[in-house]
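# Summary of structural features
If you want the building blocks of each chain, they are given just below.
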Amino acid sequence: MSGRGNVETLLVLQLQPIAVDTNSPDREGMLVIANGLLVAVLVRLAEPEHDNVGSWFLEAGFGRLQGQRVPAFPTLEDASRWLRRHLKAA
């Protein structure tokens, strides 16, 4: 019996703070790195017109996350949970 089918691939997710030039007050950002690869850029919503100021928005996704449209995440923990789920899906 091969043990390979029972082994889950480890996903190491890192968040690295970075300023993002969004041409708006939404500048606080996080690079999302999964197993050494840049997979997304999150931006914290600060613009007064946003209904959800303080939430995190998926500004850009790469690879499997490219083109994903999702609502803003209330916390970084919520964003991380969603990212892990979608990155492990493939």
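Computed from a predicted structure; not experimentally measured.

Attention now moves to the pattern of salt bridges. Tallied over the full model, the rule gives three salt bridges. Glu28 serves as the salt-bridge partner of Arg44, at 3.9 Å between the closest nitrogen and oxygen. Highlighted residues: Arg44 in strand β3 (residues 37–44) and Glu28 in strand β2 (residues 28–34), separated in sequence by 16 residues. With a relative accessible area of 33%, Arg44 lands in the partly exposed category. On the basis of relative accessibility, which here comes to 42%, the residue Glu28 falls in the partly exposed class.

Moving on, we come to unusual backbone geometry. Negative phi characterises most residues that are not glycine, and trans characterises most peptide bonds. If you check the backbone angles, Asn23 has positive phi at about 65° while not being a glycine. By secondary structure assignment, the location of Asn23 is in the loop between β1 (13–19) and β2. At Asn35, a position not held by glycine, the phi torsion is positive, near 50°. By the secondary structure assignment, Asn35 is in the loop between β2 and β3. Classification of Asn35 as partly exposed rests on a relative accessible area of 43%.

Here the focus is the nonpolar core. The biggest cluster of nonpolar side chains holds 18 residues, and the ones touching the most others in it are Leu42 and Leu83. Looking at this core, the elements with two or more residues in it are β2, β3, β4 (56–61) and α1 (76–88). No other element matches α1, which puts five residues into this core. Once you skip the residues sitting within four places of it in the chain, Leu83 turns out to touch Leu13, Val32, Ala40, Leu42 and Leu65.

We now examine the environment of Gln68. Take Gln68: it is sitting in the loop between β4 and α1. What makes Gln68 partly exposed here is its relative accessible area of 28%. Each C-alpha atom of the pair Gln68 and Leu58 lies 8.3 Å from the other, and the pair is ten residues apart in sequence. Setting aside its immediate chain neighbours within four residues, Gln68 contacts Leu58, Trp82 and His86.

Parameters and conventions
- In this convention, every chain numbers its residues from 1, walking through the sequence in written order.
- Given that the model is predicted, a residue must reach a pLDDT of at least 70 before its local features are reported, and side-chain atom pairs must reach 80 or more before they are shown or counted; all residues, however, enter totals for whole chains, interfaces and linings.
- Heavy atoms from the whole structure form the basis of all side-chain values; hydrogens and water molecules are not counted.
- Any carboxyl oxygen of Asp or Glu that lies within 4 Å of a side-chain nitrogen of Lys or Arg is treated as forming a salt bridge with it.
- The secondary structure listing takes helices from DSSP runs of H or I that are at least 4 residues long and strands from runs of E that are at least 2 residues long, numbered from the N terminus.
- Using a 1.4 Å probe on the protein chains alone, a residue whose accessible area is under 20% of its type maximum counts as buried, one over 50% counts as exposed, and one in between counts as partly exposed.
- The set of buried Ala, Val, Leu, Ile, Met, Phe, Trp, Tyr and Cys residues whose side-chain atoms join them within 4.5 Å is what this entry labels a nonpolar core.
- The contact definition used throughout considers only heavy atoms, calling two residues in contact when any of these lie within 4.5 Å.

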